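What follows is each chain in one-letter form.
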Amino acid sequence: MEVLMAILIGGLYAGGLYMMLRRSMVKMLIGLLILSSAANLLIFVINGLERGRPPIIDEHAMALSGQYADPLPQALILTAIVISFGVQAFAIILIKKVYQKTGTDDLDQLRSTDTF
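Residues numbered from 1 in each chain as written. Predicted model: local features only at pLDDT ≥ 70, side-chain atom pairs only at ≥ 80, totals over all residues. Heavy atoms only, no water.

1. Structural notes on the overall build of the chain
Going by this rule: The helix and strand labels rest on DSSP assignments: H or I over at least four residues marks a helix, E over at least two residues marks a strand, and numbering proceeds from the N terminus. We call two residues in contact when some of their heavy atoms are within 4.5 Å. Method for areas: the Shrake-Rupley scheme with a 1.4 Å probe, in which residue coverage is limited to the protein chains shown.
When its secondary structure is counted, the chain shows three helices and zero strands. Going from N to C terminus, the chain has its helices and strands arranged as α-α-α. Long-range pairs, those at least 24 residues apart, make up 51% of the contacts in the chain with a sequence separation of at least 6. Carbon together with sulfur atoms contributes 67% to the accessible area of the chain, which is approximately 8800 Å² in total.

2. Overview of the pattern of salt bridges
A side chain of one charge can pair with a side chain of the opposite charge if their charged atoms are brought near each other. Under the convention used in this document: We count a salt bridge whenever a side-chain nitrogen from Lys or Arg sits within 4 Å of a carboxyl oxygen from Asp or Glu. Exposed residues in this analysis have more than 50% of their type's maximum accessible area, buried residues have under 20%, and partly exposed residues fall in between, with area computed by a 1.4 Å probe over protein chains only.
In this structure the tally under the stated criterion is two salt bridges. For Arg23, the salt bridge identified is with Asp106, shortest N-O distance 2.8 Å. Here Arg23 is found in the loop between α1 (2-20) and α2 (25-47), whereas its partner Asp106 is found in the segment after α3 (71-102), with 83 residues between them in sequence. A salt bridge links Arg23 to Asp108; the shortest N-O distance between them is 3.5 Å. Here Arg23, found in the loop between α1 and α2, pairs with Asp108, found in the segment after α3; they are 85 residues apart in sequence, far enough to count as distant. We classify Asp108 as partly exposed; its relative accessible area is 36%. Each of Arg23, Asp106 and Asp108 takes part in a single network of salt bridges with overlapping partners.

3. Overview of α1
Where we set the bar: Take the number of residues in a helix, subtract one, and multiply by 1.5 Å to get its expected span. When we speak of the arc, we mean the arc of directions from the helix axis to the C-beta atoms.
In this model α1 runs 27 Å from its N-terminal to its C-terminal C-alpha over 19 residues, within 8% of the 27 Å that 1.5 Å per residue would give. Every buried residue of α1 is accounted for by Met5, Ile9 and Gly16. Seen end-on, α1 carries its buried residues on one side only, within an arc spanning 35°. Facing away from the buried side of α1 by more than 90 degrees, the exposed set consists of Val3, Leu4, Ile7 and Tyr18. Against α2 lie the buried residues of α1.

4. Here we look at the environment of Gly31
As for its position among the elements, Gly31 is in helix α2. Overall, the relative accessible area of 0% leaves Gly31 in the buried class. A C-alpha to C-alpha distance of 7.2 Å links Gly31 and Tyr18, two positions 13 residues apart in sequence. Other than its neighbours up to four places away in sequence, Gly31 contacts Gly16, Met19 and Met20.

5. Considering the packing of α2 against α3
Inclusion rule: Simply put, an axis is a line fit to the C-alpha atoms, just over the touching stretch for a helix, and the angle between two N-to-C directions goes from 0 to 180 degrees. An angle counts as roughly parallel when it lies under 35 degrees, as roughly antiparallel when it exceeds 145, as roughly perpendicular when it falls between 65 and 115, and as oblique in every other case. Each residue is assigned to one of three groups, with Ala, Val, Leu, Ile, Met, Phe, Trp, Tyr, Cys and Pro labelled nonpolar, Asp, Glu, Lys and Arg labelled charged, and all others, Gly among them, labelled polar.
Between α2 and α3, whose axes approach to 10 Å, the crossing angle comes to 175°. As summarised for this structure, α2 and α3 are arranged roughly antiparallel, according to the angle between their axes. The segment α2 lies against α3, with Met25, Val26, Leu29, Leu32, Leu33, Ser36, Asn40, Ile43, Phe44 and Asn47 engaging Pro73, Ile77, Ala80, Ile81, Ser84, Val87, Gln88, Ala91, Ile92, Ile95 and Val98. The residue inventory of the contact of α2 with α3, partitioned by class, reads 16 nonpolar, five polar and no charged.

Shown next as structure tokens:
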């Protein structure tokens with residue numbers, strides 16, 4: 001299962017980088033979203049794909065024993081999802097404003113500042 005996930009994550013990274021190298025700002029945003037999804041999957045896979053019990057400590061125990069699910073990678077992924085949503089919202093508004101001002105989303109045509 002880990003090999004399949006590694007291939008999937010590699011494909012997502014390759015697709016995200018390819019989309020970020022395109023000339024359109026919308027395609028660049030889609031590439032950024034694909035890269036953030038690949039990074040979230042990478043964090044999830046690094047933790048391990050084994051199922052475990054919830055990380056609850058018994059009343060008299062001093063530490064967890066046996067197999068348990070680590071909550072830290074899940075918390076990191078949830079935080080990354082919220083941050084990527086904020087970045088996505090900001091980038092969509094920024095692309096919209098640039099398109100309204102210039103009439104294009106082609107990055108090669110936006111190289112000069114004479115259009116503002």
